[in-house]
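Remarks on the overall topology
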Number of protein chains: 2
Amino acid sequence: VNAQLLIPAAGMGTRLGWGGPKALVPLEGKPLLAHTLTRFEDAGLIESAVILVPPGSEKTFRDALIETFPNITFKIVSGGNERQDSVRLGLDALAKDTEVVLIHDAARPFVSIEAIRSSIDAAQDVGAATVAIPTIDTILHSEDGESLGDTPPRETMWACQTPQTFRLEVIRHAHAQAKENGYAGTDDATLVRQAGHPVKLVMGTPTNIKITTPSDFAFAETILREELA
Amino acid sequence: VNAQLLIPAAGMGTRLGWGGPKALVPLEGKPLLAHTLTRFEDAGLIESAVILVPPGSEKTFRDALIETFPNITFKIVSGGNERQDSVRLGLDALAKDTEVVLIHDAARPFVSIEAIRSSIDAAQDVGAATVAIPTIDTILHSEDGESLGDTPPRETMWACQTPQTFRLEVIRHAHAQAKENGYAGTDDATLVRQAGHPVKLVMGTPTNIKITTPSDFAFAETILREELA
């Protein structure tokens, strides 16, 4: 299958106290995004990646990545204001013969090879898949943020991870429809589901965290040093 | 108001690699539970606490706590198999003139004084309250664990924290009813809500984490050392 990677990486590292693009924050001496891409390179299931970057930083990304990954072809594309804008621009930039696209957070460097493989299989099978894990925290439901509503059973609630993986026409259709209706600010798998298409769950791993805060960053360093993922 | 603290602490520290009661795992040289109780002592809003402990470890707890907290009276009580059993035993052990009970996880040492105060106010006002924070992760809904269902809007989902705080008769009624129906394994605020009683949300803090895994533990040490909570 012709599977391609799409990484929205147009955000800045402000919350991590870093002046440049968040995807290039150094983690144990290597840009965050390089850790993430290593997982996909090791999986050996994609040959090219479209990376959406902050406008003007194309060259910085190209320099940071090309020598590290001789086996992946990169298309570095100027991203949009919102994540969804970047994803849409990335979908437009994919090669015409792409069958399956994996959309993955730049800041999830510990995705498992098994999750990548299962995601591609599930997208071929059903058309759409998202990685997720059972929620550990108790999640409460409240319509108004004032008082507790009827909370669904814990076992029905899953924490969303990435990659979210789709047959190209499925995610393009969902994005076109979401653009018409006004984006709801949700993840891509939920957009596909809202467009009426089934989405398969693929089991993730607890270490497939998204690095957002300085404490996530500290945890990521621990994971790397102790080889926990 | 006569507000009393109830802490279910009957679990063992196995997941943290500790042979004794989890509540007594040392964190920066002090038992985890001592950190937690310090917050309540600093709040100055309770004068006694019922602590449910692993059967046989009553003396260990008494020795570990009494000298550290000269201003709080402890009632150390043998706990049950499940958390809900311990809570029920604790409710039975409360002084007859208790008006409001705060049920708090032993392993949440970074609760804010503001959350304690607001919880007592809310319980006096409405009868029941739980501390919670907006979810950061995207939560997905799936009935069968196989495919994605209709996910409620993100802003309606809250991550449950403690204390959960109740007028004594409200939580006793809810537990009696839950025992008749068979416990659903949920938190106490949800039991109260299932018994038909309204529950107010009180805003928590991101550092009010529950320490469960070694990585939570490492994060807790960082919080303490850098005085983040």
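These notes cover the structure that comes with them.

Here we come to the overall build of chain A. In terms of regular secondary structure, chain A is built from seven helices and 10 strands. Here the C-alpha radius of gyration of chain A, 17 Å, is about what a compact globule of 229 residues would show, namely 17 Å. Its C-alpha atoms give chain A principal-axis dimensions of roughly 50 × 40 × 30 Å. Considering only contacts within chain A whose residues lie at least 6 apart along the sequence, 74% involve residues at least 24 apart. When the accessible area of chain A is evaluated, it comes to approximately 10,000 Å², of which 50% is carbon and sulfur surface.

In this section: the packing of aromatic side chains. Residues and elements named next belong to chain A. Counted by the stated rule, this structure contains two aromatic pairs over all chains. For the pair Phe69 and Phe74, a centre-to-centre distance of 6.2 Å together with 75° between the ring planes defines the contact as edge-to-face. Judged by relative accessible area, which is 2%, Phe69 ranks as buried.

With that settled, the discussion passes to the interface of chain A and chain B. As a measure of interface size, the accessible area lost when the parts come together is often cited. Taken together, the 32 residues of chain A in the interface contact 32 residues of chain B. Each partner contributes to the roughly 2,800 Å² buried at the junction of chain A and chain B, and carbon and sulfur atoms together form 61% of this total. Broken down residue by residue, the surface that chain A buries against chain B is led by A:Leu140, A:Leu148 and A:Arg193, which jointly contribute 23%. Joining chain A to chain B, the criterion identifies two salt bridges. Taking the shortest distance from any N to any O, the salt bridge between A:Arg193 and B:Asp150 comes out at 2.9 Å.

With that out of the way, let us pick up the side chain of B:Lys22. Inspection of the secondary structure puts B:Lys22 in the loop between strand E1 (3–8) and strand E2 (26–27). No salt bridge is formed by the buried B:Lys22; its nearest oppositely charged neighbour, B:Asp216, is found at 7.1 Å.

Turning our attention to unusual backbone geometry. Residue and element names in this part refer to chain A. Following Thr162, the chain continues to Pro163 via a peptide bond in cis, the omega torsion being 10°. Here Pro163 lies in strand E9 (residues 157–167). The backbone of Glu28 shows a phi angle near 50°, a positive value even though the residue is not glycine. Along the chain, Glu28 turns up in the loop between strand E2 (26–27) and strand E3 (30–31).

All names here are of chain A. Applying the stated criterion to the full structure yields one cavity of 30 Å³ or more. In this structure, the largest cavity encloses a volume near 40 Å³. The leading source of residues in the lining of the largest cavity is strand E8 (residues 139–141), at three residues. Split into classes, the residues belonging to the lining of the largest cavity amount to six nonpolar, three polar and no charged.

Turning our attention to the pattern of salt bridges. In the structure shown here, the tally under the stated rule is 18 salt bridges over all chains. One salt bridge connects A:Asp63 with A:Lys59, and the closest N-O pair in it is separated by 2.6 Å. Remark: A:Lys59 and A:Asp63 occur in helix H2 (residues 58–65); sequence separation between them is four residues, near one turn of the helix. Per residue, the accessibility class of A:Asp63 equals that of A:Lys59, and both read exposed. Note that B:Asp188 is salt-bridged to B:Arg83, the shortest N-O span being 3.8 Å.

Calculation notes
Residues numbered from 1 in each chain as written. Chains lettered and ligands numbered in written order. Predicted model: local features only at pLDDT ≥ 70, side-chain atom pairs only at ≥ 80, totals over all residues. Heavy atoms only, no water. Helix = DSSP H or I, 4+ residues; strand = E, 2+ residues; numbered from the N terminus. Rg over C-alpha atoms; globule rule 2.2 N^0.38 Å. Contact = heavy atoms within 4.5 Å. Areas by Shrake-Rupley, 256 points an atom, 1.4 Å probe, with all protein chains shown as cover. Phe/Tyr/Trp six-rings, centres within 6.5 Å; stacked < 30°, edge-to-face > 60°. Buried < 20%, exposed > 50% of the residue type's maximum accessible area, 1.4 Å probe, protein only. Buried area = accessible area lost by both parts, 1.4 Å probe. Salt bridge = Lys/Arg side-chain N within 4 Å of Asp/Glu carboxyl O. Lys, Arg positive; Asp, Glu negative; His and termini not counted. 1 Å grid on protein atoms, 1.4 Å probe; cavity = no way out; pocket = protein on both sides within 12 Å on 5 of 7 lines; lining within 4 Å. Points joined across faces, edges and corners; volume = space filled by probe spheres on them. Nonpolar A, V, L, I, M, F, W, Y, C, P; charged D, E, K, R; others polar.

Keep in mind these values describe shape, not function.
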